[in-house]
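Each chain, written out:
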Amino acid sequence: MSFEIVQAESSLFGLSKREVVSAQLSDSNRDEIILLKQRVRELTERVDGLTTVIEDLYSKINDSQRSQRSQQSDTNDREIELLKGEIKALRSECISRREPAEMRSEKRAKVPSQDTANLKSAKVEKNQTTIYREGVQLFQKHQYDEAQKRFSMTASKGYKPAASNYYLGEISYYTKSYSDAIYYFKKSAGLYDKASYMDTLLLHTAISLDRSGDKSQAKLFYKTIINDYPEKKSAKIAKKNLNKL
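Conventions we followed
- Residues numbered from 1 in each chain as written.
- Predicted model: local features only at pLDDT ≥ 70, side-chain atom pairs only at ≥ 80, totals over all residues.
- Heavy atoms only, no water.
- Helix = DSSP H or I, 4+ residues; strand = E, 2+ residues; numbered from the N terminus.
- Buried < 20%, exposed > 50% of the residue type's maximum accessible area, 1.4 Å probe, protein only.
- Contact = heavy atoms within 4.5 Å.
- Areas by Shrake-Rupley, 256 points an atom, 1.4 Å probe, with all protein chains shown as cover.
- Salt bridge = Lys/Arg side-chain N within 4 Å of Asp/Glu carboxyl O.

1. Focus: the overall build of the protein chain
Here's step 1: A count of helical and extended segments in the protein chain gives ten helices and zero strands.
Here's step 2: From first element to last, N terminus to C terminus, the protein chain shows the α and β order α-α-α-α-α-α-α-α-α-α.
Here's step 3: Expressed as a percentage of its 245 residues, the buried residues of the protein chain come to 23%.
Here's step 4: Of all intrachain contacts in the protein chain linking residues separated by at least 6 positions in sequence, the fraction that spans at least 24 positions is 40%.
Here's step 5: Working note: accessible area of the protein chain is about 18,700 Å², and carbon and sulfur atoms make up 54% of it.

2. Observations concerning the pattern of salt bridges
Here's step 1: A complete count under the given rule lists four salt bridges for this structure.
Here's step 2: For the salt bridge of Glu-134 with Arg-150, the shortest nitrogen-to-oxygen distance reads 3.3 Å. Remark: Arg-150 occurs in helix α5 (residues 144–156) and Glu-134 occurs in helix α4 (residues 114–140); sequence separation between them is 16 residues.
Here's step 3: Put simply, Asp-210 and Lys-215 hold a salt bridge, and the shortest N to O gap is 2.6 Å.
Here's step 4: Among the residues examined, Asp-210 registers a relative accessible area of 14% and is labelled buried.
Here's step 5: Look at Lys-215 and you get partly exposed, because its relative accessible area is 39%.
Here's step 6: In the salt-bridge network here, residues are joined through shared partners; they are Glu-134, Glu-146, Lys-149 and Arg-150.

Structure (structure tokens):
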């Protein structure tokens, strides 16, 4: 059969075997191409995703490196400052060692020793003791103005402050400055309420309140003296004065 006849048969009766095989191969190639394209797209998407992850990692690494460099810089700055301080101290020591012995001894002579400071403190205390004793002696002689000056000085210096204020209260009481007396007595009692003169202090406070017109407060003080110091002379006086109110 000639080639023309085969072609004629092919066109009349459908595709020949060769054409059928060729068509099947073409369909298979097309499917493979589609699959390959799909695979390429998937790979491309994965590459893009990995690229993004890598870029984020690089960014974090750069940030971490910058932070470490900043911390290292701060550490270096602190170390430099410490070194500067040590160098300064060494220089001062070197200068001190190079000073003539006369200059060093002169400087030491200018600094008061602990013994000198203690002597000054003892001298001040002795002065305050003397002033306080003078105040007591003047008070006993009823020289209240001069006594007041002494006790004001010792009270301001913190020497026997409770007793000093008590005597200031007594001076005010005997000079009939009752409001001042009440002030000093309360201050003294606030500093030390276990003193041997406390019953007298309370009695003179009560009388000062009584004579200032504060009868209700005076009654409370009289009752306190009677209850707390029943065997004292001040309790008898308190009873007598309380009965008059």
